[in-house]
Amino acid sequence: MIEKIILIGILAGAVAYILIRLKNQVLKDNSNTKCDQCK
Amino acid sequence: MKNDIKRIALLGNPNSGKTALFNVLTGLNQKVSNYPGVTVESVTGKATIEDEICLITDLPGTYSLAPESQDEQIVAEEVASWIVNGNAPDCVISVVDSTNLQRNLYLTSQIMDLGIPVVVALNMTDIAKQRSINIDSEQLKTELGLKDVIEISALKKTGIVELKQAVYRIFSSTSIQPNSIQIPDPIINIVRPVVDWFNKEYSISDRMSQSLALRWITTGSLFGLKTPNSTLLKSTRKSLNQIGFSFELLEPTLRYAWLDTIVPKSQQTIKTKSKSERMDQYLIHPIGGPIIFVGLLTFIFQAIFTWASIPMEWIDSGIGKVGEWVGSILPTGLLNDLLVEGIIGGAGAILIFLPQILILIFFLSLLEDSGYMARVAIMMDKAMTKVGLHGRSVLPLMSGFACTIPGVMATRTIDSWKERLITILILPLMSCSARLPVYTLMIAAFIPDNPIFGYFGLQGLTLVFMYFLGTITALILALIFHKWINIEQKASFVMELPSYRVPLMRSVFQRVYSRGAIFVKDAGKIIMAISIVLWFLASFPKSEPGETQSIHHSYAAKIGQTIEPIIKPLGFDWKIGLGLVTSFAAREVVVSTLATIYNVENADENPVPLMDAMKRDVDPKTGKNIFTPLVAFSLMIFYVFAAQCMATFSIVKRETNSWKWPIFMVIYMTTLAYVSSLIVYQGGLALGFS
């Protein structure tokens, strides 16, 4: 049970991170936009 | 409202060493290099001047306060805001390249007219001496009427203490700098109404009003400032013409006339052919130059393969050992699988390519810092003119080999909007370092390592081919866009050639280190996040008891199989299709995506070497290999052209200030990628390749 909770937590964190990043990069006109290769 | 923190602005010509000085004063690590136009936006940092914390702003380089390009416009607008808002800095450090004193002092004289205390930092005096240029800084100080002219070397960090002391003295001084240029009476009589207008409009000194009036009459515009009506402009220009004075040259003529009286008294020059000029006889020779350039690039791409192989093996075996160790200490179960198959196997697979990226960045930094890249721009000018661009586009395009984003930013140095737009649109076709893992994975797995011309092998040459394919296509498209985009342009290309310098290894390694750190951190964030999600998608739903667990029934397979019909004609299966989708986050994610899927599929030997898994993967329906040399080639061609980078999309939107161009870019690049891959794969099949 604990293992399942940890797994779901990790998955939720990963999905949230991807969504936030997408939002920051595309939807928001972020003047500090930089790609991962060149920050 | 002014606060107590003193503010300092760094102003100077492009490539005069402002950013190098900024880094020394603030301890920051802004990019410095040896070509004009490295800094294209202003950056502020903190520095301590004699126990006082100050804010220092590094502005883009400019030859004058009358801007030609967007980066120069940033400076003009900043200066205009000082006048309009009365928030001028407490001191300007005018960074002057000693090897070209007169031209650099042109900007200094414009800054002095602003009435802001100025300290001249005479940079690169060591290089000037090597070229038999001796500058008497004391004499120059007297001639300019300034409090301090300090000899420094920003790279060697000499003269910095004296410069700080001079700035500190300025803070506590109240005296005004004397007048600079002398305007003859007949001219001052004509321009007087304009001077009075500025005087009244902004309540500024007569000297500053004169300076603005001269610039406005010469150029017809002043960025960020109100100007008198056009009738006054026309009548003033007409009156100047009547006394035989060309209005277009009004400001330069007056300033250079003043500098002509100052500079010879402060500088002694013995004209000899410099080392740089001698080297240029060969390096920018019309025939020899391009041959040397192509040879250098080929050497670099071959070195990426040869030199990186040993550290790559170390990282590969290191990741394997970490995977085994983590797998052995954790109890068997889903968490163990997620860590070993998803995170270590997936995100870890991308770390193997770190040495290759570092070697690429190392060589690109050497070429930039030595001053060679600026020569490439000059050499390519003729070829670029044929496709509707100029040599000025070459430096942004070359920096696109490292990453598209700084390349797009660097286009701010291009004065014509049409030329700038075309350069932005073709920039993503220059293979960036994120494509390197994709190319080298496919090449190492499917292209034999046959030697061809001694040092050069087939693998290295295939990599060179991919880079040249992107570049040549970019130039062809530039020609098409040039004819198609209907915008009027004023085009000019004048670039000062920097002297050749031995690259400062500290600066080169700093850049290599920061790129490496970002790459590793990236693996720790977005690639890991995607690997985690993919692991879930590839591992679930779990099969019923008694059935064999197969990845072909997973959610990942279902998503991939939905895409498969579209990409099947290119030779790609659902696993590659999934990689094409995830690589929109960053191109190299396709590698970690494949690694995660193969790790889940081969759960009994984790982490599985990606290349081996790709080679032995077969289609369960046909029994044929999924990856063949033809599929690998088709995939590489796809990645040369495809627009898979969110960050590029975003920066193009920002720099073009519209959605139209980034959307156009994605459509044309995706179409190009699809059609090219289709031709390669179907053509290959028709020719009998498998």
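Trainee: Help me understand the overall build of chain B in this model?
Mentor: A count of helical and extended segments in chain B gives 29 helices and 10 strands. Relative to the compact-globule value of 26 Å for 690 residues, chain B shows a C-alpha radius of gyration of 30 Å, a close match. Dimensions of chain B, computed from C-alpha atoms along their principal axes, come out at roughly 100 × 55 × 50 Å. When the 690 residues of chain B are sorted by exposure, 57% land in the buried category. Partitioning the intrachain contacts of chain B with sequence separation of at least 6 by distance along the chain shows that 73% fall at a separation of at least 24. Accessible surface, chain B as shown: approximately 28,700 Å² in total, 60% of it carbon and sulfur.

Trainee: Help me understand the sheet that holds strand 7 (residues 149–151) of chain B in this model?
Mentor: Hydrogen bonds between backbone atoms are what pair the strands of a sheet, whose relative direction is either parallel or antiparallel. Residues and elements named next belong to chain B. Sheet architecture is open: 6 strands sit in the order 2-3-1-4-5-7, paired in mixed fashion. Two strands bound the open sheet, and with one partner strand each, they are strand 2 (43–49) and strand 7. With strand direction ignored, the average angle separating the axes of adjacent strands in the sheet is 25°. When strand 5 (residues 118–123) meets strand 7, the two strands line up parallel, connected through 3 bridges. Bridge pairing in strand 7 places A121 opposite I150. Across the sheet, helix 1 (residues 18–26) lies against strand 1 (6–12), strand 2, strand 3 (52–58), strand 4 (91–97) and strand 5, angled at about 50° from strand 2, the strand it touches most. Most of the contacts of helix 3 (residues 101–112) go to strand 4, to which it runs at about 165°, and overall it touches strand 1, strand 4 and strand 5.

Trainee: Just checking my understanding: could you explain helix 15 (residues 372–386) of chain B for this structure?
Mentor: Three or four residues apart is the spacing at which side chains of an α-helix point the same way, because the helix has 3.6 residues per turn. All names here are of chain B. In a regular helix each residue adds 1.5 Å, so 15 residues correspond to 21 Å; helix 15 covers 22 Å between its end C-alpha atoms and thus fits that length. Along helix 15, the helix axis deviates most sharply at M380, where the bend reaches about 50°. Considered for burial, the residues of helix 15 that qualify are Y372, M373, A374, R375, V376, A377, M379 and M384. Residues of helix 15 that are buried in the fold lie against helix 11 (275–283), helix 12 (288–329), helix 14 (354–370), helix 16 (394–399) and helix 20 (458–484). At the exit of helix 15 stands G388, carrying a positive phi of roughly 85°.

Trainee: Honestly, the nonpolar core in this entry has me stumped. Any pointers?
Mentor: Within soluble globular proteins, side chains that are nonpolar tend to cluster in buried spots. All names here are of chain B. By size, the foremost hydrophobic cluster in this structure holds 145 residues, and its most contacted members are I426, Y439, M442, L463, F572 and F627. Top element by residues in this core is helix 12. It accounts for 11 residues. Every residue in contact with L463, bar those within four places of it in the chain, is listed here: F301, I304, F305, L436, Y439 and I443. Counting residues in each nonpolar core, the second largest holds 59 residues, with L65, L105, I181 and I183 among its members.

Trainee: Quick question: what am I supposed to make of the packing of aromatic side chains here?
Mentor: When we look at a pair of aromatic rings, we describe it by the centre distance and by the angle of the planes. All names here are of chain B. Applying the stated criterion across every chain, the model contains 27 aromatic pairs over all chains. On the basis of an interplanar angle of 25° and a centroid distance of 4.9 Å, the ring pair of Y106 and Y256 is categorised as stacked. Here the residue Y106 occupies a position in helix 3, and Y256 occupies one in helix 10 (residues 250–266), the gap between them amounting to 150 residues. On the accessibility criterion, Y256 (27% relative accessible area) is partly exposed. Centre to centre, the rings of Y439 and Y467 are 6.0 Å apart; their planes meet at 75°, and the pair counts as edge-to-face. Here Y439 is found in helix 19 (residues 436–446), whereas its partner Y467 is found in helix 20, with 28 residues between them in sequence. A relative accessible area of 1% places Y467 in the buried class. Following the ring pairs from residue to residue traces out a cluster consisting of F299, W307, F362, F363 and F509. Its guanidinium or amino end placed over the ring of F171, K6 lies 5.5 Å from that ring's centre, counting from NZ or CZ. Across the ring face of Y500, the terminal group of R375 is positioned such that the distance to the ring centre comes to 3.9 Å.

Trainee: Help me understand a nonpolar patch on the surface in this model?
Mentor: Residues and elements named next belong to chain B. A cluster of nonpolar residues, I472, I476, I480 and W484, forms a patch on the protein surface that exposes about 420 Å² of accessible area. By the element assignment, I480 lies in helix 20. Judged by relative accessible area, I480 falls into the partly exposed class, the value being 45%.

Trainee: When you look at the pairing of strand 2 of chain B in this model, what are you seeing that I'm missing?
Mentor: Within a regular beta strand, the side chains point alternately toward one face of the sheet and then the other, so they alternate between its two faces. All names here are of chain B. Burial along strand 2 is one-sided: the residues V43, G45, A47 and I49 are buried and none of T44, K46 and T48 is. Of the strand pairs in this sheet, strand 2 and strand 3 are connected by 7 bridges, and their pairing is antiparallel. Residue V43 lies in a different strand from strand 3, and its bridge partner there is D58. Linkage of strand 2 to strand 3, two consecutive antiparallel strands, is achieved through a turn of 2 residues, within which E50 is found at a positive phi near 50°.

Trainee: Looking at this structure, I do not really get the confidence of the model for chain B. What am I missing?
Mentor: For residues with low pLDDT, the predicted coordinates do not support detailed interpretation. The predicted model of chain B averages 88 in pLDDT, with 96% of residues at 70 or higher. Reported for the predicted complex are a pTM of 0.79 and an ipTM of 0.80.

Trainee: Honestly, the confidence of the model for chain A in this entry has me stumped. Any pointers?
Mentor: For chain A, per-residue confidence averages 73 on the pLDDT scale, and 62% of positions sit at 70 or higher. Taken as a whole, residues 29–39 of chain A scores under 50 in pLDDT and shows 37 contacts with residues more than four places along the chain or in a different chain.

The rules behind each value
- Residues numbered from 1 in each chain as written.
- Chains lettered and ligands numbered in written order.
- Predicted model: local features only at pLDDT ≥ 70, side-chain atom pairs only at ≥ 80, totals over all residues.
- Heavy atoms only, no water.
- Helix = DSSP H or I, 4+ residues; strand = E, 2+ residues; numbered from the N terminus.
- Rg over C-alpha atoms; globule rule 2.2 N^0.38 Å.
- Buried < 20%, exposed > 50% of the residue type's maximum accessible area, 1.4 Å probe, protein only.
- Contact = heavy atoms within 4.5 Å.
- Areas by Shrake-Rupley, 256 points an atom, 1.4 Å probe, with all protein chains shown as cover.
- Pairing = 2+ DSSP bridges.
- Axes fitted to C-alpha atoms, helices over the stretch in contact; angles between N-to-C directions.
- Expected span 1.5 Å × (residues − 1).
- Bend = angle between axes of the 7 residues up to and from the residue.
- Core = buried A, V, L, I, M, F, W, Y, C linked by side-chain atoms within 4.5 Å.
- Phe/Tyr/Trp six-rings, centres within 6.5 Å; stacked < 30°, edge-to-face > 60°.
- Lys NZ or Arg CZ within 6 Å of the ring centre and 35° of its normal.
- Patch = residues over 30% accessible without salt bridge, like charges linked within 9 Å, V, L, I, M, F, W, Y side chains within 5 Å.
- Salt bridge = Lys/Arg side-chain N within 4 Å of Asp/Glu carboxyl O.
- pLDDT = per-residue confidence, 0-100.

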